[in-house]
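Listed below are the residues making up each chain.
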Amino acid sequence: MSATNSIHDHSHDHTHDHDPYDHCHHDEEGIPRFDNRELIVREDILARARELAQLITTTEEVSLYQKSERLVQSHEKIQGLIAQIKKKQKELVAFQNTFKNPAMVDKIEQEIAVLQDELDEMPVVQQFQQSQTDVNYLLQSIVSIIRDTVAEKLDLEAASKPEAPENCD
């Protein structure tokens, strides 16, 4: 079979029992073992995930986040403060690692804290940070619901299968 043949063209002249679509292998104890390269998410699940992602982008939380992000990116004072903080952070690293000057490190850390406080006090920045928190909460809630629903389903299936007794005394 050449490398260009797909698994679907699995016709050749020897016999053995295997399913060309079976990506599950078993170890010595019979426990299923999967190769990460072989784990393929079903297309219908991926399609539903894309639908959910699209739906999430229509929420008020995402809309507010996008609006806040645009305001922050276009706000000259905010961008100036961010640039100053980045510059001070580079200076801080230099005085920590290259110059080994603890007094300057302390001075620069205080300057950064003042700039950060000024940035954090701005209503536009506060709105942006809150919108980030809201979107993260929305996403975490969705992941939790999916995780809990799957776990509940697994628990129900496990509970409904009676186990065979170990011995019959």
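Worth saying up front: this structure is predicted, and the values here are computed from it rather than measured.

Calculation rules
Residues numbered from 1 in each chain as written. Predicted model: local features only at pLDDT ≥ 70, side-chain atom pairs only at ≥ 80, totals over all residues. Heavy atoms only, no water. Helix = DSSP H or I, 4+ residues; strand = E, 2+ residues; numbered from the N terminus. Expected span 1.5 Å × (residues − 1). Buried < 20%, exposed > 50% of the residue type's maximum accessible area, 1.4 Å probe, protein only. Contact = heavy atoms within 4.5 Å. Arc of directions from axis to C-beta. Axes fitted to C-alpha atoms, helices over the stretch in contact; angles between N-to-C directions. Left-handed = near helix turned anticlockwise from the far one by under 90°. Nonpolar A, V, L, I, M, F, W, Y, C, P; charged D, E, K, R; others polar. pLDDT = per-residue confidence, 0-100. Salt bridge = Lys/Arg side-chain N within 4 Å of Asp/Glu carboxyl O.

Description of helix α5 (residues 123–160)
Link 1 in the chain: With 38 residues, α5 should reach 56 Å at 1.5 Å per residue; the first-to-last C-alpha distance of 55 Å fits that figure.
Link 2 in the chain: Taken together, the buried positions of α5 are occupied by V125, F128, S131, V135, L138 and I142.
Link 3 in the chain: Residues of α5 that are buried sit in contact with α1 (43–56), α2 (60–74), α3 (76–98) and α4 (102–121).

Here we look at α4
Link 1 in the chain: Its 20 residues give α4 an end-to-end C-alpha distance of 28 Å, which sits within 8% of 28 Å, the value for a rise of 1.5 Å per residue.
Link 2 in the chain: Listed as buried for α4 are V105, I108, I112, L115 and L119. The arc enclosing the buried residues of α4, seen along the axis, measures out at 95°, which places them on a common side. Looking at α4, the residues exposed on the side facing more than 90 degrees away from the buried face are P102, A103, Q110, V114 and E121.
Link 3 in the chain: Buried-residue contacts for α4 involve α3 and α5.

As for the packing of α2 against α5
Link 1 in the chain: Put simply, α2 and α5 touch, their axes get as near as 8 Å, and they point 145° apart. Considering how the two elements wind past one another, α2 and α5 form a crossing that is left-handed. Each of E61, V62, L64, Y65, S68, E69, L71 and V72 in α2 lies in contact with α5, whose residues at this interface are V124, Q127, F128, S131, Q132, D134, V135 and L138.
Link 2 in the chain: Across the contact of α2 with α5, the residue classes break down as 9 nonpolar, 4 polar and 3 charged.

Details of the confidence of the model for the protein chain
Link 1 in the chain: Model confidence for the protein chain is summarised by a mean pLDDT of 84, while 76% of its residues fall at 70 or above.
Link 2 in the chain: Low pLDDT (under 50) marks residues 1–22, which in the prediction has 7 contacts with non-local residues, meaning those over four places away or in another chain.

A few points about the side chain of S68
Link 1 in the chain: In this fold, S68 is placed in helix α2.
Link 2 in the chain: Those residues in contact with S68 that lie beyond four places of it in its chain are Q127, F128 and S131.

With respect to the pattern of salt bridges
Link 1 in the chain: Counting across every chain of the model gives 8 salt bridges.
Link 2 in the chain: As a salt-bridge pair, E43 and R50 come within 3.3 Å of each other at their nearest N and O atoms.
Link 3 in the chain: Here K107 and E111 are joined by a salt bridge, their closest N and O atoms 2.5 Å apart. Of this pair, K107 and E111 both sit in helix α4, separated by 4 residues, roughly a single helical turn.
Link 4 in the chain: Overall, K107 belongs to the partly exposed group, its relative accessible area being 40%.
Link 5 in the chain: Look at E111 and you get partly exposed, because its relative accessible area is 22%.
Link 6 in the chain: In the salt-bridge network here, residues are joined through shared partners; they are K88, E91, K107 and E111.

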